[in-house]
Amino acid sequence: MGSEGPRAVTIHVTGFKKFQGVAENPTETIVNNLKDFVERRGLPPGVTVGTCTVLETAGDGALPLLYQTLESGISRTDGTSNEQVVWLHFGVNSGALKFAIEQQAVNEANFRCPDELGWQPQKLPIVCEDGGTSRARETCCSIEAILKFLKRKGFDVTVSNDAGRFVCNYVYYHSLRFAEQKGHKSLFVHVPLFSKIDEETQMRFVASLLEAIASTC
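Residues numbered from 1 in each chain as written. Predicted model: local features only at pLDDT ≥ 70, side-chain atom pairs only at ≥ 80, totals over all residues. Heavy atoms only, no water.

(A) Representation of the state of the cysteines. Throughout the structure, instances matching the rule amount to 0 disulfides. Here Cys-52 stays free of any disulfide, with the sulfur of Cys-217 as its closest cysteine sulfur at 16 Å. The exposure class assigned to Cys-52 is partly exposed, which follows from its relative accessible area of 26%. Here Cys-140 stays free of any disulfide, with the sulfur of Cys-141 as its closest cysteine sulfur at 5.7 Å. (Disulfide = S-S within 2.5 Å. Buried < 20%, exposed > 50% of the residue type's maximum accessible area, 1.4 Å probe, protein only.)

(B) Fine view of the UniProt feature "active site" (unreviewed entry) in the protein chain. Annotation from UniProt places "active site" (unreviewed entry) at Cys-168. If you trace the backbone, Cys-168 turns up in helix H4 (residues 167-182). (UniProt positions renumbered as here; feature names shortened; annotations may be inferred. Helix = DSSP H or I, 4+ residues; strand = E, 2+ residues; numbered from the N terminus.)

(C) The arrangement of the packing of aromatic side chains in detail. Applying the stated criterion to the full structure yields 10 aromatic pairs. Ring geometry for Tyr-172 and Phe-188: centres 5.6 Å apart, planes at 45°, overall tilted. With Tyr-172 in helix H4 and Phe-188 in strand E8 (residues 185-191), the pair connects residues that are 16 residues apart, well separated along the chain. Residues Tyr-172 and Phe-188 agree in their burial class; the two are buried. (Phe/Tyr/Trp six-rings, centres within 6.5 Å; stacked < 30°, edge-to-face > 60°.)

(D) Broad picture of the environment of Asp-36. Counting through the fold element by element, Asp-36 comes out in helix H1 (residues 26-41). The exposure class assigned to Asp-36 is partly exposed, which follows from its relative accessible area of 49%. Put simply, Asp-36 and Arg-177 are 141 residues apart on the chain and 30 Å apart in space, counted from C-alpha to C-alpha.

(E) Region of the structure containing the sheet that holds strand E1 (residues 9-16). Ordered in space as E2-E1-E3-E8-E4-E7, the 6 strands form an open sheet in which the pairing is mixed. Either end of the sheet is taken by a strand with one partner, and the two such strands are strand E2 (47-55) and strand E7 (157-160). Along the sheet, successive strands turn relative to each other by an average axial angle of 25°, direction set aside. Where strand E4 (residues 99-102) and E8 come together, 3 bridges link them in antiparallel fashion. Residue Ala-100 lies in a different strand from E8, and its bridge partner there is His-190. The sheet strands contacting helix H3 (residues 143-152) are E4, E7 and E8, and the helix crosses E7 at an angle near 165°. Against the sheet, helix H5 (residues 199-216) makes contact with E1, E2, strand E3 (84-92), E4, E7 and E8, and its axis sits at roughly 150° relative to E3, the strand it touches most. (Pairing = 2+ DSSP bridges. Axes fitted to C-alpha atoms, helices over the stretch in contact; angles between N-to-C directions. Contact = heavy atoms within 4.5 Å.)

Okay, here's the thing in structure tokens:
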């Protein structure tokens, strides 16, 4: 009683492959290299990086893989532990100069260009049973505490309440909905291109973000 120690936190991570206008997606590199990076750097006790998955930059056609990925995170827990499961998604904003923690996703798919499987929805609800396109879902992660943690580490980071209406918002909406159903947490973060913030700095940012999430769960 009262001596259980910090709650175990498992953070599953996703990024995206290339898409129109972005031939090399930094999130693919980040996700592929993350486990090796944090093994060298170390993480606080009780924090584990779970699955690291690179998703196709697509909406409806990539849903089976997305849900397979989300379900795989559940199958790794027995459901009786005190473990907190967090889904951490990364996407690139090619026009950004800083990192952005996304507070919410909106139930609207309005793709400015076709996704990598050729789908281009216009003002469609992402999940029809959730109602209209104005429906929003917010993360239950402690955004302000995470922001303060990262700023103290010297990173140029902000909070955003608009994840766009392309694939990033599409995936985030599904993930938030799934997390709410399963008692998990979900968070989406936009990163700049490596030409704006170099790879080493972005890897350090992501490692610090893992610490920030774990410390606020």
